[in-house]
Amino acid sequence: MHPSATKMGPSQKLDLLWQLTVRAVELRHRGSHLGMVWAILNPLLMLALYFVVFSYFFGSIKFNEEDTPQVFALGIFLGLILYHALAETIGIAPTLIVSQPNLVKKVVFPVHLLPVAQLGAFWFHAFISTILLVIGIATIGPGVTLSGLLWLPLIVAPVVLLSVGVAWTLSALGVFFRDIGQVIPFATQILLWTSCVFYSVSHVQGEPLVWMFLKWNPLMHSVDLARHALLWHEPINLKYFAYTWIVGAAAFLFGAWFFRKLQPAFADVI
């Protein structure tokens, strides 16, 4: 963190973070006639689309033999909620700092809040989608359990930590290496297809060569843990649960250190 940013107290930083987050949410819907209604309408339309497609066109595709097409559609929707929250972070992080040169050069502006505020907007929409998911599980799915609802925030929290750490790391790197944005689309596609969004972890555990690489993807484990807790009402794997927390915390701490290390040079480079 830039030394000058310490002139702002914790309460002032929280207030500023809230204002920046609200602004980021509003910017996504600025100019549209329905405004914030799209925050609910978009995920609702996507959920309806998955339900129709996998119920009537691809009903034979399942995660497990016991799954219904409706459960499969809900499982994909769940995976995409977590994936999009992280993928959008990766997609926008490299340009977050360089696109705000005036704020970076301000004397007392805490620049490290810029990536966090943008993530707040992403996770706000993920929260809306999650509410719709839970409603879908309760109505057309296997039903909601109290244990599943209690496990969900504990499973999602490491993904939040991971996204903050990644945002700080990539936003700092983006100041010095502008070409990093060119590889992001390919990187997010790799993330999509290695995070068991469209398949079950059990399908790849039987392939030793594939599993040797995929087992290190924390997002894949988070998606699988969330499905076990919410959709399948099965005990979660505590080993993988602990792994997601270790990776999330490590990414968060590294990102904070890395951003702080490079921040003094931001103004000169920009």
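Computed from a predicted structure; not experimentally measured.

Parameters at a glance
- Residues numbered from 1 in each chain as written.
- Predicted model: local features only at pLDDT ≥ 70, side-chain atom pairs only at ≥ 80, totals over all residues.
- Heavy atoms only, no water.
- Patch = residues over 30% accessible without salt bridge, like charges linked within 9 Å, V, L, I, M, F, W, Y side chains within 5 Å.
- Areas by Shrake-Rupley, 256 points an atom, 1.4 Å probe, with all protein chains shown as cover.
- Salt bridge = Lys/Arg side-chain N within 4 Å of Asp/Glu carboxyl O.
- Buried < 20%, exposed > 50% of the residue type's maximum accessible area, 1.4 Å probe, protein only.
- pLDDT = per-residue confidence, 0-100.
- Helix = DSSP H or I, 4+ residues; strand = E, 2+ residues; numbered from the N terminus.
- Contact = heavy atoms within 4.5 Å.
- Core = buried A, V, L, I, M, F, W, Y, C linked by side-chain atoms within 4.5 Å.
- Phe/Tyr/Trp six-rings, centres within 6.5 Å; stacked < 30°, edge-to-face > 60°.
- Axes fitted to C-alpha atoms, helices over the stretch in contact; angles between N-to-C directions.
- Parallel < 35°, antiparallel > 145°, perpendicular 65-115°, else oblique.
- Left-handed = near helix turned anticlockwise from the far one by under 90°.
- Nonpolar A, V, L, I, M, F, W, Y, C, P; charged D, E, K, R; others polar.
- Polar contact = N/O pair within 3.5 Å; in protein donor to acceptor, adjacent residues only side chain to side chain.

Student: Would you explain a nonpolar patch on the surface in this entry?
Tutor: Residues Phe127, Ile131 and Ile135 make up a contiguous nonpolar surface patch of about 290 Å² in total accessible area. In this structure Ile131 comes out as partly exposed when scored by relative accessible area, which is 38%.

Student: Where do I start with the confidence of the model for the protein in this structure?
Tutor: For residues with low pLDDT, the predicted coordinates do not support detailed interpretation. Summary statistics for the protein give a mean pLDDT of 83 and a share of 84% for residues scoring 70 or more. The lowest-confidence element of the protein is helix 2 (residues 37–57), averaging 68 in pLDDT; the highest-confidence one is helix 11 (residues 238–262), averaging 96. Across residues 1–6, where pLDDT falls below 50, the model places 13 contacts with residues more than four positions away in sequence or in other chains.

Student: Can you walk me through the nonpolar core in this structure?
Tutor: General note: in soluble globular proteins, nonpolar side chains tend to be found buried as a group. Residues Tyr83, Ile97, Trp123, Leu133 and Leu219 are the most contacted members of the largest nonpolar core, which totals 73 residues. Looking at this core, the element that brings in the most residues is helix 3 (residues 69–96), giving 15 residues. Excluding anything up to four places from it in sequence, Ile97 contacts Val104, Val111, Leu114, Pro115, Ser171, Val175, Phe259, Phe266 and Ile270.

Student: I keep staring at the packing of aromatic side chains and nothing clicks. Help me out?
Tutor: Aromatic ring pairs are described here by two measures, namely the spacing of the ring centres and the angle between the planes. For the structure on display, the rule yields 10 aromatic pairs. With a centroid separation of 5.3 Å and an interplanar angle of 80°, the aromatic rings of Phe259 and Phe266 are classed as edge-to-face. The residues Phe259 and Phe266 share a single accessibility class, namely buried. Aromatic rings pair up to connect Phe176, Phe259 and Phe266 into one cluster.

Student: Is there a simple way to explain the packing of helix 10 (residues 218–230) against helix 11 in this structure?
Tutor: The description of two packed helices rests on the angle between their axes and on the distance between the axes. Contact pair helix 10 / helix 11: the axes reach a minimum separation of 9 Å and the direction vectors enclose 135°. Classified by the interaxial angle, the pair formed by helix 10 and helix 11 is oblique. By crossing handedness, the relation of helix 10 to helix 11 is classed as left-handed. Taking contact as the criterion, the partners of Pro218, His221, Ser222 and Leu225 in helix 10 are, on helix 11, Tyr240, Phe241, Tyr243, Thr244 and Val247. For the contact of helix 10 with helix 11, the class distribution of residues is six nonpolar, three polar and no charged.

Student: I would appreciate a short explanation of unusual backbone geometry in the present structure.
Tutor: Note: most residues except glycine have negative phi, and most peptide bonds are trans. Although it is not a glycine, Cys196 adopts a positive phi angle of roughly 50°. Within the secondary structure, Cys196 is located in the loop between helix 7 (180–193) and helix 8 (201–205). Unusually for a residue other than glycine, His233 sits at a positive phi of about 55°. As for its position among the elements, His233 is in the loop between helix 10 and helix 11.

Student: Hey, could you run me through the side chain of Asn217 in this one?
Tutor: Following the sequence through the fold, Asn217 ends up in the loop between helix 9 (208–214) and helix 10. There is a polar contact of 2.8 Å between the side chain of Asn217 and the backbone oxygen of Thr194. Sequence-distant contacts of Asn217, that is, excluding residues within four places in its chain, are made with Leu191, Thr194 and Ser195.

Student: What is the right way to look at the packing of helix 5 (residues 113–139) against helix 6 (residues 146–176) in this model?
Tutor: The geometry of helix 5 relative to helix 6 is characterised by a closest axis approach of 11 Å and an angle of 155° between their N-to-C directions. Relative to helix 6, the element helix 5 is oriented roughly antiparallel. Pair helix 5 / helix 6 crosses with right-handed handedness. Residues Pro115, Val116, Leu119, Trp123, Thr130 and Val134 of helix 5 touch helix 6, and the partners they reach there are Leu149, Leu152, Val156, Val159, Val160, Ser163, Val164, Ala167, Trp168 and Ser171.

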